[in-house]
Amino acid sequence: MRFASVLALAVAATVVSAETNAERMVRGLPPMAPARRATPVEGAKRTTPSGGGGQCNTGSTQCCDSVTKSGYGTPLDDLLSLMSIDVPNDTPCGQNCSPISAFGGGKGANCNQQPVCCEDNSYNGLVNIGCSPSMFVP
(Lines give C-alpha, C1' and ligand atoms only; values in the text may rest on other atoms or scores of the structure.)
Protein backbone atom coordinates (compact mmCIF):
# COMPACT_ATOMS: atom_id res chain seq x y z
CA MET A 1 0.00 0.00 0.00
CA ARG A 2 2.82 2.36 0.89
CA PHE A 3 4.57 1.74 -2.48
CA ALA A 4 1.34 2.46 -4.37
CA SER A 5 0.98 5.79 -2.53
CA VAL A 6 4.54 6.83 -3.37
CA LEU A 7 4.07 5.80 -7.00
CA ALA A 8 0.81 7.74 -7.27
CA LEU A 9 2.50 10.81 -5.78
CA ALA A 10 5.40 10.56 -8.25
CA VAL A 11 3.03 10.26 -11.21
CA ALA A 12 1.00 13.23 -10.00
CA ALA A 13 4.17 15.34 -9.66
CA THR A 14 5.19 14.42 -13.20
CA VAL A 15 1.80 15.39 -14.59
CA VAL A 16 1.88 18.76 -12.79
CA SER A 17 5.40 19.54 -14.07
CA ALA A 18 4.31 18.79 -17.65
CA GLU A 19 1.86 21.67 -17.52
CA THR A 20 2.79 24.51 -19.87
CA ASN A 21 2.94 28.17 -18.89
CA ALA A 22 0.11 28.89 -21.32
CA GLU A 23 -2.12 26.42 -19.48
CA ARG A 24 -1.16 28.00 -16.14
CA MET A 25 -1.91 31.52 -17.39
CA VAL A 26 -5.33 30.46 -18.70
CA ARG A 27 -6.14 29.31 -15.18
CA GLY A 28 -4.94 32.66 -13.75
CA LEU A 29 -1.69 31.28 -12.31
CA PRO A 30 1.72 32.91 -12.81
CA PRO A 31 4.19 31.25 -15.22
CA MET A 32 6.70 28.75 -13.86
CA ALA A 33 10.38 29.60 -13.68
CA PRO A 34 12.52 28.23 -16.54
CA ALA A 35 13.86 24.73 -15.98
CA ARG A 36 17.63 24.55 -15.60
CA ARG A 37 18.61 21.49 -17.60
CA ALA A 38 22.25 22.05 -18.52
CA THR A 39 25.51 22.88 -16.81
CA PRO A 40 25.78 26.59 -16.03
CA VAL A 41 28.01 28.46 -18.46
CA GLU A 42 30.49 29.52 -15.80
CA GLY A 43 30.91 25.90 -14.75
CA ALA A 44 31.50 24.56 -18.24
CA LYS A 45 35.11 23.58 -18.86
CA ARG A 46 36.57 24.23 -22.26
CA THR A 47 40.27 23.80 -22.94
CA THR A 48 40.19 25.16 -26.49
CA PRO A 49 37.89 27.54 -28.32
CA SER A 50 35.01 25.93 -30.10
CA GLY A 51 35.07 25.75 -33.87
CA GLY A 52 33.31 28.46 -35.77
CA GLY A 53 31.46 26.04 -38.03
CA GLY A 54 32.36 28.17 -41.01
CA GLN A 55 31.10 31.43 -39.59
CA CYS A 56 33.17 34.46 -38.68
CA ASN A 57 32.28 36.53 -35.65
CA THR A 58 34.18 39.48 -37.13
CA GLY A 59 32.76 39.57 -40.65
CA SER A 60 32.62 37.44 -43.76
CA THR A 61 34.91 34.50 -44.46
CA GLN A 62 37.72 35.59 -46.75
CA CYS A 63 39.86 33.79 -49.32
CA CYS A 64 43.37 35.28 -49.34
CA ASP A 65 46.23 34.59 -51.74
CA SER A 66 48.57 34.42 -48.73
CA VAL A 67 48.49 34.87 -44.95
CA THR A 68 51.72 36.08 -43.36
CA LYS A 69 52.67 37.30 -39.87
CA SER A 70 53.81 40.90 -39.65
CA GLY A 71 57.16 42.06 -38.31
CA TYR A 72 59.59 39.75 -40.13
CA GLY A 73 60.78 42.05 -42.95
CA THR A 74 58.55 40.40 -45.54
CA PRO A 75 56.88 42.14 -48.49
CA LEU A 76 53.81 42.32 -46.24
CA ASP A 77 55.70 44.68 -43.91
CA ASP A 78 56.66 46.86 -46.88
CA LEU A 79 53.02 47.01 -48.00
CA LEU A 80 51.80 47.87 -44.48
CA SER A 81 54.42 50.62 -44.27
CA LEU A 82 53.43 52.07 -47.67
CA MET A 83 49.79 52.14 -46.58
CA SER A 84 50.73 53.67 -43.18
CA ILE A 85 49.07 50.80 -41.33
CA ASP A 86 50.50 50.19 -37.85
CA VAL A 87 50.20 46.50 -36.99
CA PRO A 88 51.82 44.77 -33.97
CA ASN A 89 54.46 42.11 -34.71
CA ASP A 90 53.23 38.52 -35.14
CA THR A 91 49.79 39.66 -36.33
CA PRO A 92 48.55 37.35 -39.13
CA CYS A 93 47.59 39.42 -42.17
CA GLY A 94 45.97 38.25 -45.40
CA GLN A 95 46.92 39.66 -48.79
CA ASN A 96 44.73 39.95 -51.89
CA CYS A 97 41.60 38.73 -50.12
CA SER A 98 38.07 38.39 -51.42
CA PRO A 99 34.88 37.40 -49.58
CA ILE A 100 33.72 33.82 -49.98
CA SER A 101 30.11 33.45 -51.09
CA ALA A 102 28.28 30.39 -49.82
CA PHE A 103 25.93 30.68 -52.80
CA GLY A 104 28.60 30.18 -55.47
CA GLY A 105 28.78 33.76 -56.71
CA GLY A 106 31.89 35.92 -56.77
CA LYS A 107 35.59 35.21 -57.06
CA GLY A 108 35.83 33.68 -53.58
CA ALA A 109 33.42 30.85 -54.32
CA ASN A 110 36.32 28.71 -55.55
CA CYS A 111 38.89 29.38 -52.84
CA ASN A 112 42.05 27.41 -53.58
CA GLN A 113 43.84 28.78 -50.50
CA GLN A 114 42.90 28.34 -46.85
CA PRO A 115 39.78 30.35 -45.97
CA VAL A 116 40.28 32.80 -43.09
CA CYS A 117 38.33 35.10 -40.80
CA CYS A 118 39.94 38.53 -40.40
CA GLU A 119 39.26 41.16 -37.74
CA ASP A 120 39.92 44.17 -39.99
CA ASN A 121 38.70 43.95 -43.60
CA SER A 122 38.69 47.70 -44.23
CA TYR A 123 41.43 47.87 -46.90
CA ASN A 124 39.41 46.49 -49.87
CA GLY A 125 41.07 43.06 -49.72
CA LEU A 126 44.57 44.38 -50.40
CA VAL A 127 45.45 43.68 -46.76
CA ASN A 128 43.23 42.09 -44.11
CA ILE A 129 44.47 42.22 -40.51
CA GLY A 130 44.12 39.70 -37.68
CA CYS A 131 43.32 36.63 -39.79
CA SER A 132 42.73 33.15 -38.40
CA PRO A 133 41.79 29.91 -40.18
CA SER A 134 38.12 29.31 -40.90
CA MET A 135 36.26 26.00 -41.22
CA PHE A 136 34.24 27.27 -44.18
CA VAL A 137 32.61 24.52 -46.26
CA PRO A 138 30.76 25.85 -49.35
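Everything below is about the structure shown above.
*Asks:* Before we move on, can you summarise the overall build of the protein with the specific residues and values?
*Replies:* Helices and strands together make up the secondary structure of the protein, namely 3 helices and 4 strands. For the protein, the succession of helices and strands along the chain, N to C, is α-α-β-α-β-β-β. The contacts of the protein with a sequence gap of at least 6 include a subset with a gap of at least 24, amounting to 58%.

*Asks:* Go over the nonpolar core with me, naming the residues and quoting the values.
*Replies:* The biggest cluster of nonpolar side chains holds 7 residues, and these are Leu76, Leu80, Ile85, Val87, Cys93, Val127 and Ile129. Mapped by element, the contributors of at least two residues to this core are helix 3 (75–82) and strand 4 (127–133). Ignoring anything within four residues of it in the chain, the contact list for Ile129 reads Ile85, Val87, Thr91, Pro92, Cys93, Cys118, Glu119, Asp120 and Tyr123. Counting residues in each nonpolar core, the second largest holds 5 residues, with Cys64, Val116, Cys118 and Cys131 among its members.

*Asks:* A description of the state of the cysteines should follow, citing residues and the corresponding values.
*Replies:* Here the structure, examined in full by the defined rule, presents 2 disulfides. Shown here is the disulfide that connects Cys64 with Cys97, its sulfur atoms set 2.0 Å apart. Between Cys64 and Cys97 the disulfide shows an S-S torsion of about 105°. By sign, it is right-handed. In this pair, Cys64 sits in strand 1 (residues 61–69) while Cys97 sits in strand 2 (residues 92–99), placing the two residues 33 residues apart along the sequence. An identical accessibility class is assigned to Cys64 and Cys97; each is buried.

Rules used in this analysis
Residues numbered from 1 in each chain as written. Predicted model: local features only at pLDDT ≥ 70, side-chain atom pairs only at ≥ 80, totals over all residues. Heavy atoms only, no water. Helix = DSSP H or I, 4+ residues; strand = E, 2+ residues; numbered from the N terminus. Contact = heavy atoms within 4.5 Å. Core = buried A, V, L, I, M, F, W, Y, C linked by side-chain atoms within 4.5 Å. Buried < 20%, exposed > 50% of the residue type's maximum accessible area, 1.4 Å probe, protein only. Disulfide = S-S within 2.5 Å.

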